[in-house]
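Survey of secondary and tertiary structure
The primary structure of each chain is shown beneath.
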Amino acid sequence: MIIDNIDFGEGLVLAPMAGVTDVGFRDVCSCYGADATYSEMLSCRAMIHNPKKTSLMTIYSPNEKIKIGQIFGHEPDIMAEAIKSPYLKQYQIIDINMGCPAPKIVKNGEGSALMGNIPLASKIISACVENSNRPVSVKFRLGIKSDMSLDFGRMCEDSGANFVTLHARTSQQGYSGNADYEAIARLKAALKIPVIGNGDVDSRESYMKMKETGVDGVMIGRGSLGRPFVFSLIKGIDYDKDVMKMIKRHIDILREHYNEDWLIKYIRKHLLWYMTGLKGGNEARAQVATSPSIENSLKIIENLIKNQ
Ligand SMILES: Cc1cc2nc3c(=O)[nH]c(=O)nc-3n(C[C@H](O)[C@H](O)[C@H](O)COP(=O)(O)O)c2cc1C
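Residues numbered from 1 in each chain as written. Predicted model: local features only at pLDDT ≥ 70, side-chain atom pairs only at ≥ 80, totals over all residues. Heavy atoms only, no water.

Re the pairing of strand β10 (residues 195-198)
- Because side chains alternate across β10, one face comprises the buried residues V195 and G197, and the other comprises I196 and N198, equally buried.
- Here four bridges tie strand β9 (residues 163-167) to β10, and the two strands are oriented parallel to one another. Opposite H167, over in β10, you have N198 as the bridge partner.
- In this region the chain leaves β9, passes through helix α8 (residues 181-190) and returns to the parallel neighbour β10; the handedness of that crossover is right-handed. (Buried < 20%, exposed > 50% of the residue type's maximum accessible area, 1.4 Å probe, protein only. Helix = DSSP H or I, 4+ residues; strand = E, 2+ residues; numbered from the N terminus. Pairing = 2+ DSSP bridges. Right-handed = clockwise from strand over helix to strand, strands pointing away.)

Here it is in structure tokens:
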């Protein structure tokens with residue numbers, strides 16, 4: 001997949017995941033083969049009125065290959081201004097979130113609420129495209145309650161989007177049920193711009209199933225949690241199996257930017273994901289969940305790995 005001379009390689013990309021895809025995680029996923037990575041979603045209003053928060057969310061690693069900044073909002077003029085923000089300068093592509101189902105986002109008419117307001121969604125895309133010196137993409141779902149992805153995808157194309165990503169579930173579904181790969185195939189067949197398929201890819205097998213839809217790229221979200229090496233597994237490339245080294249690298253990168261009090265609380269979920277599937281992990285997981293320090297958690301995980 002090539003967008004405006006930006007070569008996505010095999011087009012295997014790490015999904016944006018708010019509260020999860022921090023700079024350390026994006027770094028390790030990139031080292032394991034992710035061709036592109038997204039920022040956590042960035043509020044256009046905050047970018048203009050509270051840029052300190054945005055600056056912490058836009059830290060990046062030199063190992064990230066194609067960096068995509070994901071923005072959200074509901075006001076075309078504010079979004080057109082935000083897209084020129086210096087906080088977004090490191091991103092080669094700007095993605096607009098039109099798929100988030102979280103109530104605090106939807107209640108403002110943002111994220112997936114925009115799928116219920118096609119004229120406004122179109123105005124936002126056009127305003128962003130007109131004011132951006134980089135490609136603009138849109139990530140959306142099937143619809144709010146039912147599948148309207150064809151109409152929505154066509155509108156994105158007509159409004160100037162350079163590519164789209166479809167997470168093939170409705171907003172109402174949240175994360176339940178299976179992603180609808182037939183809808184992804186229909187969208188790919190209908191659009192001229194590239195389509196990235198998203199939903200339930202966590203292995204070479206599911207990746208191949210997604211590729212059968214004809215998509216130009218494949219996005220992985222939850223399938224990477226605790227296993228950023230999923231990108232190597234899918235690409236069939238050899239990778240470093242030293243899990244402790246990977247975990248320590250993730251933490252060391254975060255330590256460069258954030259304070260220890262925040263990190264202790266934040267990193268816990270990642271550590272628990274990293275322990276998934278380890279034999280005898282239940283007791284160790286309970287210990288990590290209440291561990292007073294990161295060093296103590298690392299010792300628990302190291303012992304558990306030694307006993308596999
Ligand atoms: C914890 C979490 C946070 C997410 N945050 C975002 C987000 O900020 N922006 C976005 O477009 N999608 C977000 N998503 C959706 C994912 O990008 C992806 O579309 C979804 O998880 C389906 O892909 P998967 O089946 O590979 O996980 C999030 C998903 C999860 C699980």
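Looking at helix α6 (residues 118-131)
- With 14 residues, α6 should reach 20 Å at 1.5 Å per residue; the first-to-last C-alpha distance of 20 Å fits that figure.
- Buried residues of α6: A121, I124, I125, A127 and C128, and no others. The buried residues of α6 occupy an angular sector of 165° when the element is viewed end-on, so they sit on one face. Exposed residues lying more than 90 degrees from the buried face of α6 are P119, K123 and E130.
- Each element contacted by the buried residues of α6 is listed here: β6 (66-72), α4 (76-82), β7 (93-98), β8 (136-141) and α7 (149-158). (Expected span 1.5 Å × (residues − 1). Arc of directions from axis to C-beta. Contact = heavy atoms within 4.5 Å.)

So, the nonpolar core
- I71, I96, M98, F140, C156, V164 and I247 are the most contacted members of the largest nonpolar core, which totals 82 residues.
- A domain-level breakdown of this core finds at least three residues from each of domain 1 (2-235) and domain 2 (243-306).
- With residues up to four places along the chain from it excluded, the contact list for I71 reads L42, C44, M47, M79, I83, L88, I94, D95, I96, N97 and C128.
- Core analysis: the second largest hydrophobic core is formed by 14 residues, M1, I6, A36 and I196 among them. (Core = buried A, V, L, I, M, F, W, Y, C linked by side-chain atoms within 4.5 Å. Domains from an automatic or database assignment.)

A look at the side chain of H167
- Secondary-structure assignment places H167 in strand β9.
- For H167, a relative accessible area of 6% translates into the label buried.
- When neighbours within four sequence positions are excluded, H167 is seen to be in contact with F140, R141, L142, G174, Y175, N198 and G199.

Geometric descriptors of this kind do not, in isolation, establish any biological role.
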